[in-house]
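Listed below are the residues making up each chain.
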Number of protein chains: 2
Amino acid sequence: MAQQARAIRTRRVILESAAAVFAERGYERTTIGEILVRAGLTKGALYFHFASKEDLALGVLAAQMLDEPLTPQPVKLQELVDQGFLLAHRLQCDPLVRASVALALDSGAMGIDRAAPFRAWIDQVSEVLMAAKAQGELLVHVNVTDTAELFSGAFAGIQTMSQILCDRNDLTHRVLVLLRHVMPTICTPAVLIRLEMTESRARQLAVEYDANRLRHEENLTESARA
Amino acid sequence: MAQQARAIRTRRVILESAAAVFAERGYERTTIGEILVRAGLTKGALYFHFASKEDLALGVLAAQMLDEPLTPQPVKLQELVDQGFLLAHRLQCDPLVRASVALALDSGAMGIDRAAPFRAWIDQVSEVLMAAKAQGELLVHVNVTDTAELFSGAFAGIQTMSQILCDRNDLTHRVLVLLRHVMPTICTPAVLIRLEMTESRARQLAVEYDANRLRHEENLTESARA
């Protein structure tokens, strides 16, 4: 157990170091040597977890997906809203998530499959939309694929713009603006009035997420000591 | 006149060469020497038009803005629709416009002000929205800045996704999806039913744009010969 906890922490240190170097130098110019120096680890320790630079990039890319699913909501579209708020928060606070999205959008990252993260985002949104459709929450004309791709592409662009204009300080507001512009055209009025699309909902989710994550880290530290 | 026409053509050749090299090597690693080789010009000819690599990047960035304004429309929001269709077409066909947008979104382009192109897009959209508002086309709750920023950011992300997933082949469709999801929440029903948001409108605009541009090139060639 202690060994497993230590391995999880080492893996996280490697990914955070890789993320930092990718962010500074871009994918192409990053070397494994630089990541080793940053992580303060030996080659052996790194290669135990990751076989190559590409493998490291895939690890960083995967970091944007949530480890734990969101709390299920009676209105499925609320889960879509919550996902948006939470990703905004994680982009603001977690360097690994930031690096993950930057890597997916880095036009210089020739060696890696940049379509994969977009497909993963689209799948995640589609899944919620399908569930919402099954519950009769969507207007009949909605094409789930089109709408899922719109949300994914629009979110990617909005977070890039927010990053460039103000270091993502207004990202929650921009996500709210996106949701308020799109939700009324995809869901029924009866669902629309039940959706909680507010800054305070976003703040509450962020606080819960941070508390969960802290608890998780503490558990890992305890286990590693044991 | 002949001299002026030749200067305009030389400037275009330089910008296209710079765009091609930026696209291949990224902004940071591009050297003026490489651009000279690509353009087949002397240092003197290039420095007559552009003082530095940064200046070249600004020239490329400016290329995404339309040289000539769109045909004014009785319904102002139709101009916004048309702008979206036309930018999609130019991104599909004009390497210079493609390079311009890539440069604005290139996280490795540290030396240049990447906020400027976003501000220019936002201003352009705001201007049309303000005119639409003055004509009573917008619903009363619309915040012009929020909506202009949403369109700019969402468009940037949608074109990135389209590029990564299918080399921008479906960009017109994606722009249509964006418009159809957002227009109903910002404009009055009476305006909404008058908006032409169709693939055939997009095709017609593309044909007209190409014809105009060809005529413009031919005039330049004539003048340069005179």
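Here the structure is a predicted model, which is why all the values come from computation and not from measurement. (Residues numbered from 1 in each chain as written. Chains lettered and ligands numbered in written order. Predicted model: local features only at pLDDT ≥ 70, side-chain atom pairs only at ≥ 80, totals over all residues. Heavy atoms only, no water.)

For any two helices packed against each other, one specifies the crossing angle of their axes together with the interaxial distance. Residue and element names in this part refer to chain A. It is the contact of helix α1 (residues 2–29) with helix α2 (residues 32–39), at a shortest axis distance of 9 Å, that shows an interaxial angle of 140°. Considering their axes alone, α1 and α2 lie oblique with respect to each other. Judged by the sense of rotation from one axis to the other, the crossing of α1 with α2 is right-handed. Contacts between α1 and α2 pair Val13, Ile14, Ser17, Ala18, Ala20, Val21, Glu24, Arg25 and Arg29 from the former with Glu34, Ile35, Arg38 and Ala39 from the latter. The class makeup of the residues in the contact of α1 with α2 is seven nonpolar, one polar and five charged. (Axes fitted to C-alpha atoms, helices over the stretch in contact; angles between N-to-C directions. Helix = DSSP H or I, 4+ residues; strand = E, 2+ residues; numbered from the N terminus. Parallel < 35°, antiparallel > 145°, perpendicular 65-115°, else oblique. Left-handed = near helix turned anticlockwise from the far one by under 90°. Contact = heavy atoms within 4.5 Å. Nonpolar A, V, L, I, M, F, W, Y, C, P; charged D, E, K, R; others polar.)

Between the two copies, chain A and chain B, the superposition gives an RMSD of 0.0 Å; the rotation angle is 180° and the shift along the axis is 0.0 Å. Expressed as a symmetry operation, the mapping of one chain copy onto the other fits a two-fold axis. Same-surface contact between copies: 97% of interface residues of chain A are shared with the interface of chain B. (Least-squares fit on C-alpha atoms with pLDDT ≥ 70 in both.)

All names here are of chain A. The domains assigned to chain A are domain 1 (2–61) and domain 2 (76–213). Counting residues at the interface gives twelve residues for domain 1 and 15 residues for domain 2. Interface of domain 1 and domain 2: buried area, both sides summed, is about 1,100 Å²; carbon and sulfur atoms make up 71% of it. By the criterion of area lost to domain 2, the three top residues of domain 1 are Arg12, Tyr27 and Leu61, representing 50% of everything that side buries. At the surface where domain 1 touches domain 2, the tally comes to one salt bridge. Measuring nitrogen to oxygen at the nearest pair gives 3.3 Å for the salt bridge that ties aspartate 94 to arginine 12. No other element matches the eight residues that α1 contributes to the side of domain 1 that touches domain 2. For the side of domain 1 that touches domain 2, the per-class residue count stands at seven nonpolar, one polar and four charged. (Domains from an automatic or database assignment. Buried area = accessible area lost by both parts, 1.4 Å probe. Salt bridge = Lys/Arg side-chain N within 4 Å of Asp/Glu carboxyl O.)

Here we take up the nonpolar core. Of all hydrophobic cores here, the largest spans 142 residues; its most connected members are Leu77 and Met183 of chain A together with Leu77 and Met183 of chain B. Contacts of methionine 183 of chain A, omitting those with residues within four sequence positions, involve Leu77, Leu80, Val81, Phe151, Leu192, Leu195 and Met197 of chain A. (Core = buried A, V, L, I, M, F, W, Y, C linked by side-chain atoms within 4.5 Å. Buried < 20%, exposed > 50% of the residue type's maximum accessible area, 1.4 Å probe, protein only.)

Attention now moves to the interface of chain A and chain B. Taken together, the contact pairs 34 residues of chain A with 34 residues of chain B. In this assembly, chain A packs against chain B so that about 2,800 Å² is buried in total across both faces, 67% of it on carbon and sulfur atoms. It is Met161, Ile164 and His181 of chain A in chain A that bury the most area against chain B; as a group they hold 21% of the surface buried on that side. Across the contact surface, chain A and chain B share four salt bridges. Where chain A meets chain B, there are ten residue pairs in polar contact (both at pLDDT 80 or more). At the level of elements, α1, α6 (95–105), α7 (115–134), α8 (144–166) and α9 (171–186) of chain A are the ones that each hand at least two residues to the side of chain A that touches chain B. Of all the elements, α8 of chain A adds the most residues to the side of chain A that touches chain B, at 14 residues. Of the residues in the side of chain A that touches chain B, the class split is 17 nonpolar, eight polar and nine charged. (Polar contact = N/O pair within 3.5 Å; in protein donor to acceptor, adjacent residues only side chain to side chain.)

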